[in-house]
Amino acid sequence: MMNICRRRLVRTWDRLLSRSIATEKKRRPLDERSGWEAVIGLEIHAQIASRSKLFSGAATDFDCSVNSAVSLFDCASPGTLPVLNRRCVEAAVAAALALNCRLRTVSSFDRKHYFYADMPAGYQITQQRSPIAVDGHLDFFAYSADEAPVAKRLRIERIQIEMDSGKTVHDLANRRSLVDLNRAGVGLIEIVTDHQLHTGLEAACFAEELRQVLVHIGVCGGEMQKGQLRVDANVSVRRVGEALGVRTEVKNLNSFKFIETAVKYEIDRQYRLLSEGGQVVNETRGYDDEGRTVSMRDKEVRQDYRFMPEPNLPPLRLSDGPSDDPNVVSISSIKQTLPAALADKRRWYIEKIGMDPLVAIYTVNDTARMKFVDDCFADKTCPPIESMAFWLDEYRLALRKHKMDFSTE
Amino acid sequence: MLLRHLVVGVKRPSGCLTKWYSSRVFVPIEPAISHIDETKVKPAPELNQELVDHLERLSLVRFSNEEAVHHLRKAIHFANRLKLVDTTNVKPMESVLEEMTCPLREDVVNDGNIREQVLCNATNRVEEYFVTPPGNIALEQAPSLDWTNIRDAPDKSTT
């Protein structure tokens, strides 16, 4: 029974995540293949779920008509000044706590300069020298349709608050670009991980877990197709035990499937280059519809961001304990509002309830489903734990027939 | 950054110093002219076409002629004087606001919806979009300058 459930669940997953099923041979990590290994670090941009922008009172609803959610600050009109959104600071603190980071009671903002049409000021306000949080970690499971879950931990290097850019629509037929500034100035948290991942699958699974955590604590909407969560992957390949190789950056991966296939493609490409005696060029790469990475000539120019302290924003201060200063966010009061961590919840399902690890991961990966399962446990008519996966899947199919989901009462 | 360094590092006439310490005023009340040993100032580096092209691209400022590049060298030389100030164990002051706390505002929508104002300076628009050339166009390379002319120009600034 358990096995049938499990197989069925895996199939469900496969549909859910639409992951490509690779053969065993293809999946084998590089180091087993040849004494080489891939080293991957991620930079994740998560849009903060707030009503107004990071530094202005314009709405963050950028589905509204073009260039209407734009204040004079967002279009960089001279004489305007940034005023920091309290909600964005609280969201960054919540994310830092959920990712086990060390929060810094004083952090500051910098200007990162570059010229691009959707960045009217010519610089982005970010936290380069003094980020709000550093040195955390997130536990996740690396698994796929044909690989059992393996528990992993990835160190988080830093979390910083920064502003988003506008959106450019490339009108190739007329050889022009169209710029909409509705997104310009929306609050982001950038999460930079250590380079401790080795496969595309690990990268995709980590990103998925991170998404769940951020959605769970209400920091980010997590809808990747809307660009609410964007992932850049730094990929390099080296011989095991040697110094890090030259890396490339694969930009704007906006689905878990693309993270897996594009990173895998990039590893294979670099491996082929290096094993034939070639060299990897340090560059930014995009990817096409099939997950192949392609050089982005656009950004090949030598970059020098000319970082400088943002002169219009004093240092951002947090307090460990309660705070009566409206300009100082209290870490302890944010901590009190956080729901139970997903990892703890999962451990509870596995250890206390006796749930199969796969089923536990599956349950936790959807907030509505998790609530449904919790309600089931509270109810005496709960099906036995052994057949939980079977019933969950049956119920999911039944719900889908009626175009409902687990959030329905 | 400058003010604090002046207090800590630079030697000045003794009368001026006592005045500072008694009144705790950090900006000199009287002009305090520091004498700079020009022989110790690191000369500005040789500039070449490649570096000037790079600087132009970064700053979007065109060094249109030899005179402009000469002024740039003078500016670098002037800035190099600051390196004579001993800043050991002095934490750089990034801003006069650094003792303050960043003010926070509540998360309410009270701005935007001013599309006509936002677009009023656009020279080219389609529907409600700004229109720009496709892709990111790096600054085009300017014609090469007469480098012998710049190198022969006097190095010291006249203050």
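For the structure, check the block above.
Not measured: the values here are computed from a predicted model.

Rules of the game
Residues numbered from 1 in each chain as written. Chains lettered and ligands numbered in written order. Predicted model: local features only at pLDDT ≥ 70, side-chain atom pairs only at ≥ 80, totals over all residues. Heavy atoms only, no water. Helix = DSSP H or I, 4+ residues; strand = E, 2+ residues; numbered from the N terminus. Buried < 20%, exposed > 50% of the residue type's maximum accessible area, 1.4 Å probe, protein only. Areas by Shrake-Rupley, 256 points an atom, 1.4 Å probe, with all protein chains shown as cover. Pairing = 2+ DSSP bridges. Polar contact = N/O pair within 3.5 Å; in protein donor to acceptor, adjacent residues only side chain to side chain. Contact = heavy atoms within 4.5 Å. Axes fitted to C-alpha atoms, helices over the stretch in contact; angles between N-to-C directions. Parallel < 35°, antiparallel > 145°, perpendicular 65-115°, else oblique. Left-handed = near helix turned anticlockwise from the far one by under 90°. Nonpolar A, V, L, I, M, F, W, Y, C, P; charged D, E, K, R; others polar. Buried area = accessible area lost by both parts, 1.4 Å probe. Salt bridge = Lys/Arg side-chain N within 4 Å of Asp/Glu carboxyl O.

(A) How the structure looks around the overall build of chain A. Within chain A one finds eleven helices and 18 strands. With 409 residues in all, chain A has 51% of them scored as buried. On chain A, roughly 18800 Å² of surface is accessible, and the fraction owed to carbon and sulfur atoms is 51%.

(B) Structural context of the sheet that holds strand β4 (residues 106-107) of chain A. Residue and element names in this part refer to chain A. The three strands are arranged β4-β17-β18 in an open sheet whose pairing can be described as mixed. The open sheet has two edge strands, β4 and β18 (329-330), and neither has a second partner. Sheet topology note: the β4/strand β17 (residues 316-319) ladder contains two bridges and is antiparallel. Following the sheet pairing, Ser107 is matched in β17 by Leu316.

(C) Summary view of helix α3 (residues 49-59) of chain B. Regarding α3(B), the residues found buried are B:Gln49, B:Val52, B:Asp53, B:His54, B:Glu56 and B:Leu58. Downstream of α3(B) by a residue or two, B:Leu60 has a phi angle that is positive, lying close to 55°.

(D) Structural view of the side chain of A:Asp164. Residue and element names in this part refer to chain A. Structurally, Asp164 is set in the loop between β8 (147-163) and β9 (167-171). A polar contact is formed between the side chain of Asp164 and the side chain of Gln47, at a distance of 3.1 Å. Ignoring anything within four residues of it in the chain, the contact list for Asp164 reads Gln47, Arg183, Ala184, Gly185, Val186, Leu188 and Arg230.

(E) Seen up close, the sheet that holds strand β10 (residues 176-180) of chain A. On the basis of which strands lie adjacent, the open sheet formed by four strands has the order β9(A)-β10(A)-β3(B)-β2(B) and antiparallel pairing. The sheet is open, and its two edges are formed by β9 of chain A together with β2 (125-126) of chain B, each paired on a single side. One ladder, built from five bridges, connects β9(A) with β10(A); its direction is antiparallel. Residue pairing for β10(A): A:Val169 is matched across the bridge by A:Leu178.

(F) Focus on the pairing of β10(A). Burial analysis of β10(A) places four of its five residues in the buried class, the great majority of the element. The turn joining β9(A) and β10(A), which pair antiparallel and follow one another in sequence, is formed by four residues; a positive phi near 50° is taken by A:Arg175. Taken together, the three bridges between β10(A) and strand β3 (residues 129-132) of chain B define a ladder with antiparallel strand orientation. Note that in β3(B) the partner of A:Leu178 across the bridge is B:Val131.

(G) Broad picture of the packing of helix α5 (residues 200-216) of chain A against helix α6 (residues 256-275) of chain A. Residues and elements named next belong to chain A. Where α5 meets α6, the axes come as close as 7 Å, and the angle between the chain directions of the two elements is 150°. On the basis of the axis angle, α5 is roughly antiparallel to α6. Crossing geometry of α5 relative to α6 is assigned as right-handed. Along its contact with α5, which presents Gly200, Leu201, Ala203, Ala204, Ala207, Glu208 and Arg211, the element α6 presents Phe256, Ile259, Glu260, Val263, Lys264 and Ile267. Class assignment for the residues of the contact of α5 with α6 results in eight nonpolar, one polar and four charged.

(H) Molecular detail of the interface of chain B and chain A. Across the contact, 40 residues belong to chain B and 53 residues belong to chain A. Contact between chain B and chain A buries roughly 4100 Å² in total, counting both sides, with carbon and sulfur atoms accounting for 59%. Contact with chain A buries area across many residues of chain B, yet B:Leu104, B:Arg105 and B:Asp107 alone supply 19% of it, more than any other trio. Joining chain B to chain A, the criterion identifies one salt bridge. B:Glu94 is the salt-bridge partner of A:Arg129, the closest N and O atoms lying 2.5 Å from each other. Across the chain B-chain A interface, the total number found is 24 residue pairs in polar contact (both at pLDDT 80 or more). Those elements giving two or more residues to the side of chain B that touches chain A turn out to be α3, β1 (104-105), α5 (115-119) and β3 of chain B.

(I) Quick peek at the pattern of salt bridges. Summed over the entire model, instances satisfying the criterion amount to 30 salt bridges over all chains. For A:Arg346, the salt bridge is made with A:Glu209, and the minimal N-O distance between the two is 3.0 Å. Of the two residues, A:Arg346 is situated in helix α8 (residues 342-353) and A:Glu209 in helix α5; the sequence distance between them amounts to 137 residues. Residue classification places A:Glu209 among the buried residues on the basis of a relative accessible area of 6%. The partner of B:Arg81 in a salt bridge is B:Glu38, and the shortest N-O contact between them spans 2.5 Å. With B:Arg81 in the loop between α4 (66-80) and β1 and B:Glu38 in the loop between α2 (14-23) and α3, this pair connects stretches of sequence that are 43 residues apart.

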